[in-house]
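Residues per chain are reported as follows:
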Amino acid sequence: MLEKLYIVIPCYNEEEMLPITAKALLEKMQTLIDEQKIHPDSKVMFVDDGSKDKTWEIITKLHSIPYFTGVKLSRNKGHQNALLAGMYTAVEYADIIVSMDADLQDDINAIDGFLEKRAEGCEIVYGVRSSRKKDTKFKRGTAQGYYKLLSKMGVEITYNHADYRLMSKRAVEALQQFKEVNLFLRGLVPMVGFKTAIVEYERNERQAGESKYPLKKMIGFAIEGITSLSVKPIRFITFLGFFIFFISIIMLIKVLVTWAIGNAVAGWSTIVISIWAIGGLQLLSIGIIGEYIGKIYLETKARPKFIIEKNLEQGE
Ligand code: UDP
Ligand code: MG
């Protein structure tokens with residue numbers, strides 16, 4: 001049986017881009033349906049993320065074409081939340097959901113690849129940029145450094161994958177069990193598990209309008225990624241505390257040696273050792289308290305402890 005596909009697209013002030021995107025997607029949908037790759041009732045769902053321009057007007061107009069539908073958020077909540085809102089709305093009607101940006105930077109023809117992998121039984125298919133040639137040098141450099149930093153922090157993340165991916169109804173329903181408020185989908189989706197695959201594509205330039213991710217938002221997003229998924233920064237404080245305390249012990253030995261040799265400066269040793277020892281102990285204590293805060297932090301997320309893939313009782 002053919003699966004019903006919903007393409008979810010968060011849009012923030014995209015009046016310039018939407019008509020172009022809609023045209024390209026309409027053609028794509030029609031070909032996919034003609035080629036019998038998706039169910040004829042498949043749709044493109046635009047999510048208006050509290051835009052201040054004519055975005056919603058355009059979406060309502062597009063709705064006269066059966067392939068288009070939309071939801072409007074009450075206010076601007078940011079790309080990640082808009083995406084999630086769209087996915088959670090679409091999951092009621094769809095069998096599979098593809099998420100992508102409104103600016104056609106992600107090659108829509110990669111969807112064929114996604115569907116092939118889906119036919120092979122994958123629940124999640126990640127779109128991965130084969131090269132970043134068309135991104136600015138700055139964006140490329142910072143992004144790559146950031147992926148490395150994230151993996152050092154113990155966050156499992158697919159390299160060069162933005163939020164262009166296919167998820168089955170099942171995978172989205174599993175994602176719904178993650179109750180966290182701080183959202184970094186790229187890091188969260190891999191936690192869902194299941195059979196996954198990667199499809200490579202060439203990333204294009206934005207065709208109209210400007211990037212809605214200025215440096216300030218990018219930095220915010222980057223910090224969100226680390227702090228919402230990792231407690232390693234806290235552990236770093238603990239290590240630093242240990243390290244400095246260790247130095248104070250070395251200092252103590254040094255002082256004892258100088259004293260034994262007999263050329264100690266009066267008063268110097270007490271001050272220096274106290275500084276290092278107290279500094280180290282303080283950092284260590286903050287680190288330990290931090291460890292507990294880290295635990296509380298992870299508990300409050302109330303993440304599901306497991307997600308069942310197969311249940312023989314239910315004859316799957
Ligand atoms: N976007 C959104 N809400 C925001 C910012 C951006 O829904 O607050 C959408 C935007 O309309 C686009 C996608 O998120 O569809 C990615 O934004 P953009 O292309 O500007 O980011 P970049 O590709 O420059 O990182
Ligand atoms: Mg873009």
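Data block above holds the structure.
A brief structural summary. (Residues numbered from 1 in each chain as written. Chains lettered and ligands numbered in written order. Predicted model: local features only at pLDDT ≥ 70, side-chain atom pairs only at ≥ 80, totals over all residues. Heavy atoms only, no water.)

**Comments concerning the overall build of the protein chain**
Now for step 1: Assigned secondary structure in the protein chain consists of ten helices and seven strands.
Now for step 2: The C-alpha atoms of the protein chain give 26 Å as radius of gyration, which overshoots the globular expectation for 316 residues (20 Å, by more than 25%).
Now for step 3: A buried classification covers 45% of the 316 residues belonging to the protein chain.
Now for step 4: As displayed, the protein chain has an accessible area near 17200 Å², and 61% of this comes from carbon and sulfur atoms.
Now for step 5: The positive charge centre, built from 41 side chains, and the negative charge centre, built from 37, are 7 Å apart in the protein chain. (Helix = DSSP H or I, 4+ residues; strand = E, 2+ residues; numbered from the N terminus. Rg over C-alpha atoms; globule rule 2.2 N^0.38 Å. Buried < 20%, exposed > 50% of the residue type's maximum accessible area, 1.4 Å probe, protein only. Areas by Shrake-Rupley, 256 points an atom, 1.4 Å probe, with all protein chains shown as cover. Lys, Arg positive; Asp, Glu negative; His and termini not counted. Charge placed at Lys NZ, Arg CZ, Asp CG, Glu CD.)

**Focus on the pairing of strand 5 (residues 124–129)**
Now for step 1: In terms of residue burial, strand 5 counts as a mostly covered element, since six of its six residues are buried.
Now for step 2: Side chains Ile124, Tyr126 and Val128 of strand 5 all project onto a buried face; the interleaved residues Val125, Gly127 and Arg129 project onto the opposite face, where all are buried too.
Now for step 3: Here four bridges tie strand 5 to strand 6 (residues 161–168), and the two strands are oriented antiparallel to one another. Note that in strand 6 the partner of Tyr126 across the bridge is Arg165. (Pairing = 2+ DSSP bridges.)

**Focus on the pattern of salt bridges**
Now for step 1: Tallying each qualifying case throughout the model produces ten salt bridges.
Now for step 2: With its nearest N and O atoms 2.9 Å apart, the salt bridge here joins Glu3 to Arg118. Here Glu3 is found in the segment before strand 1 (5–11), whereas its partner Arg118 is found in helix 4 (residues 110–119), with 115 residues between them in sequence.
Now for step 3: You can call Arg118 buried: its relative accessible area is 16%.
Now for step 4: With its nearest N and O atoms 3.7 Å apart, the salt bridge here joins Glu123 to Arg118. (Salt bridge = Lys/Arg side-chain N within 4 Å of Asp/Glu carboxyl O.)

**Quick word on the site of ligand 1**
Now for step 1: Glu14, Asp49, Asp103, Ser211 and Lys212 are the nearest of the 19 residues found near ligand 1.
Now for step 2: Contact distances for ligand 1 include 2.5 Å between an oxygen atom and a side-chain N or O atom of Asp103.
Now for step 3: Taken by itself ligand 1 offers 530 Å² of open surface, and the protein chains cover 95% of this.
Now for step 4: A majority-of-atoms criterion places ligand 1 in the largest pocket. (Near = heavy atom within 4 Å. Polar contact = N/O pair within 3.5 Å; in protein donor to acceptor, adjacent residues only side chain to side chain. 1 Å grid on protein atoms, 1.4 Å probe; cavity = no way out; pocket = protein on both sides within 12 Å on 5 of 7 lines; lining within 4 Å. Sits in = over half its atoms within 2 Å of the grid points.)

**Considerations on the coordination of the magnesium ion (ligand 2)**
Now for step 1: With distances of 1.8 Å, the protein atoms coordinating the magnesium ion (ligand 2) are Asp103 (OD) and Gln105 (OE1).
Now for step 2: By relative accessible area, which is 3% here, Asp103 ends up buried.
Now for step 3: Here Gln105 falls in the buried class, since its relative accessible area comes to 12%. (Donors = N, O, S within 2.8 Å, 3.2 Å for Na, K, Ca; no water.)

**Some remarks on unusual backbone geometry**
Now for step 1: Not every positive phi belongs to a glycine, and Gln36 is a case in point at roughly 60 degrees.
Now for step 2: Relative to the helices and strands, Gln36 resides in the loop between helix 1 (18–34) and strand 2 (43–48).
Now for step 3: Relative accessible area serves as the criterion here: at 58%, Gln36 is assigned to the exposed category.
Now for step 4: The phi torsion at Leu104 lies on the positive side, around 60 degrees, for a residue other than glycine.
Now for step 5: Structurally, the position occupied by Leu104 is in the loop between strand 4 (96–99) and helix 4.

**A look at the layout of surface pockets**
Now for step 1: Estimated volume of the largest pocket: approximately 1300 Å³.
Now for step 2: Lining the largest pocket are 48 residues; nearest its centre among them are Lys139, Arg186, Tyr213, Met218 and Phe221.
Now for step 3: At the level of elements, strand 1, helix 3 (79–90), helix 5 (137–152), strand 6 and helix 8 (215–229) are the ones that each hand at least two residues to the lining of the largest pocket.
Now for step 4: Among the residues making up the lining of the largest pocket, the classes are represented as 19 nonpolar, eleven polar and 18 charged.
Now for step 5: Estimates place the volume of the second largest pocket at around 160 Å³.
Now for step 6: Forming the walls of the second largest pocket are Met1, Leu2, Glu3, Gln36, Lys37, Ile96, Asp112, Leu115, Glu116, Arg118 and Ala119.
Now for step 7: Considering every element that reaches the lining of the second largest pocket, the biggest residue donor is helix 4, with five residues.
Now for step 8: For the lining of the second largest pocket, a count of residues per class yields five nonpolar, one polar and five charged. (Points joined across faces, edges and corners; volume = space filled by probe spheres on them. Nonpolar A, V, L, I, M, F, W, Y, C, P; charged D, E, K, R; others polar.)

**Looking at the packing of helix 5 against helix 8**
Between two packed helices, both the angle of their axes relative to each other and the distance between the axes serve to describe the pair.
Now for step 1: Remark: helix 5 packs on helix 8, axes separated minimally by 11 Å, with the N-to-C direction vectors making an angle of 10 degrees. With respect to helix 8, the element helix 5 is oriented roughly parallel. For helix 5 against helix 8, the interelement crossing comes out right-handed. Contacts between helix 5 and helix 8 pair Phe138, Lys139, Thr142, Tyr146, Leu149 and Leu150 from the former with Leu215, Met218, Phe221, Ala222, Gly225 and Ile226 from the latter.
Now for step 2: Here the residues of the contact of helix 5 with helix 8 are counted per class, giving nine nonpolar, two polar and one charged. (Axes fitted to C-alpha atoms, helices over the stretch in contact; angles between N-to-C directions. Parallel < 35°, antiparallel > 145°, perpendicular 65-115°, else oblique. Left-handed = near helix turned anticlockwise from the far one by under 90°. Contact = heavy atoms within 4.5 Å.)

**What to know about helix 8**
Now for step 1: The end-to-end C-alpha distance of helix 8, which contains 15 residues, comes to 21 Å, matching closely the 21 Å that a straight helix rising 1.5 Å per residue would cover.
Now for step 2: Along helix 8, the residues classified as buried are Phe221, Ala222, Gly225, Ile226, Ser228 and Leu229.
Now for step 3: Contacts made by the buried residues of helix 8 are with helix 3, helix 5, helix 7 (185–192), helix 9 (232–261) and helix 10 (268–300). (Expected span 1.5 Å × (residues − 1).)

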